[in-house]
Every structure is written in C-alpha cells, then in structure tokens.
Amino acid sequence: MNDVKMIVGYRSGEFITEQGERIEYYRLSVLYPSDDTTGLKAEEVKVRDAQVLESAKLGAFVNLYFDDKKKCILIKEVENVDEETLIERFYSCLGV
C-alpha cells in the first residue's frame, strides 16, 4: 500500500518554447503518506498525454505507472482494498 496515491487534481495546457514550438503538457496532482513527511506529501506528476488523464477520478486511490522518461503512462484505480482503511491511513497522517 506504500505506493497508493490519492488524486486531488489535474491540469493540461500548452506553452511556447523560445524557438516558437508549441508543446502540450499534462500534470496530475496527488497526495500520499510518506515516512519522511509529517502529514501527507503532495506531488505533481508529469503525464504522457490526455488519454492517460481520462481515467483520472478526483478522490480516487490509485497506483501510477511510468515510462523511462518518468511520465505517467497508466493510472490504475486500486481495487479490492478496504477503502475505509486507506482513508483512515491518509487521514491519520493529518492527525484527524
């Protein structure tokens, strides 16, 4: 369960390089318990493309899979896990 993260947001857009090239970007915001952090650790993850974000559901507990460029290529919702236990673990990090 250490690699389980909770989706709290996502965004996409584009920027223009100095050479005038338009580049699209996709980001996923997640929270997760971490041994080196009091509370929950927040992270913004690079995502390969918009198709990957189609499976992103706010508040879902997920496992993320990455390519060799450290971009998320698959978001897989955690199944058959006692959500009450997961939620308890996340909230206990907040002292709630």
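This section reports on the structure supplied with the text. Note that the structure is a prediction, hence the values are computed from the model and not measured. Every residue gets a number counted from 1 within its own chain, in the order that chain's sequence is written. Per-residue local features are limited, in this predicted model, to residues with pLDDT of at least 70; the limit for side-chain atom pairs, both in listing and counting, is 80 or more; totals at the level of whole chains, interfaces and linings are taken over all residues. The side-chain numbers reported here are obtained from all heavy atoms of the structure, hydrogens and water having been left aside.

Regarding the side chain of Arg27
Next up, step 1: Counting from the N terminus, the helices are the DSSP runs of H or I reaching at least four residues and the strands are the DSSP runs of E reaching at least two. Among the secondary structure elements, Arg27 is positioned in strand β2 (residues 22-33).
Next up, step 2: Burial classes: relative accessible area under 20% of the type maximum marks a residue as buried, over 50% as exposed, and values in between as partly exposed (1.4 Å probe, protein chains only). When charges are tallied, Lys and Arg are placed among the positive residues and Asp and Glu among the negative ones, while His and the ends of the chain are skipped. Definition used for salt bridges: Asp or Glu carboxyl oxygen within 4 Å of a side-chain nitrogen of Lys or Arg. No salt bridge is formed by the buried Arg27, whose closest oppositely charged neighbour, Glu44, lies at an N-O distance of 4.2 Å.

A closer look at unusual backbone geometry
Next up, step 1: With a phi close to 65°, Lys70 is a non-glycine residue in the positive phi region.
Next up, step 2: If you trace the backbone, Lys70 turns up in the loop between β4 (61-66) and β5 (72-77).
Next up, step 3: Judged by relative accessible area, which is 67%, Lys70 ranks as exposed.

A look at the packing of aromatic side chains
Each aromatic ring pair is summarised here by two numbers: the centre-to-centre distance and the angle between the ring planes.
Next up, step 1: Only centres within 6.5 Å qualify two rings of Phe, Tyr or Trp (six-membered ring in Trp) as a pair; their planes then separate them into stacked at under 30 degrees, edge-to-face at over 60, and tilted for everything else. Enumeration over the complete set of coordinates arrives at 1 aromatic pair.
Next up, step 2: Measuring from ring centre to ring centre gives 6.4 Å for Phe15 and Tyr25, while their planes differ by 35°; the resulting arrangement is tilted. Residue Phe15 is located in strand β1 (residues 5-16), and its partner Tyr25 is located in strand β2; the two are separated by 10 residues in the primary sequence.
Next up, step 3: Overall, the relative accessible area of 40% leaves Phe15 in the partly exposed class.
Next up, step 4: Here, over-ring charges are defined by two tests on the NZ atom of lysine or the CZ atom of arginine: distance to the ring centre within 6 Å, and angle to the ring normal within 35 degrees. One residue, Lys5, lies across the ring of Tyr32, its end atom 3.7 Å from the ring centre.

Topic: the pairing of strand β3 (residues 40-46)
Next up, step 1: Of the strand pairs in this sheet, β2 and β3 are connected by 7 bridges, and their pairing is antiparallel. Considered in β3, the bridge of Tyr32 is made with Lys41.
Next up, step 2: Pairs of strands are assigned from DSSP output, requiring at least two bridges between the strands. Connecting β2 to the antiparallel partner β3 that follows it, the hairpin turn spans 6 residues, and Gly39 within it adopts a positive phi of roughly 95°.

Observations regarding the pattern of salt bridges
Next up, step 1: Scanning all chains against the criterion turns up 5 salt bridges.
Next up, step 2: Of the charged contacts in the structure, one is a salt bridge between Asp49 and Arg48, with a shortest N-O distance of 3.1 Å.
Next up, step 3: Judged by its relative accessible area of 22%, Asp49 is partly exposed.
Next up, step 4: Using a relative accessible area of 42% as the deciding quantity, one classes Arg48 as partly exposed.

So, the sheet that holds β5
Next up, step 1: The strand order across the open sheet built from 5 strands is β3-β2-β1-β4-β5, with neighbouring strands paired in antiparallel fashion. Looking at the sheet topology across the chains shown, the edges are occupied by β3 and β5. On average, each strand axis in the sheet is tilted by 25° relative to the strand beside it, whichever way the strands run. To obtain each axis, a line is fitted to C-alpha atoms, and for helices this fit is confined to the stretch in contact; angles are then taken between N-to-C directions over 0 to 180 degrees.

As far as function goes, none of this settles anything; it's purely spatial.
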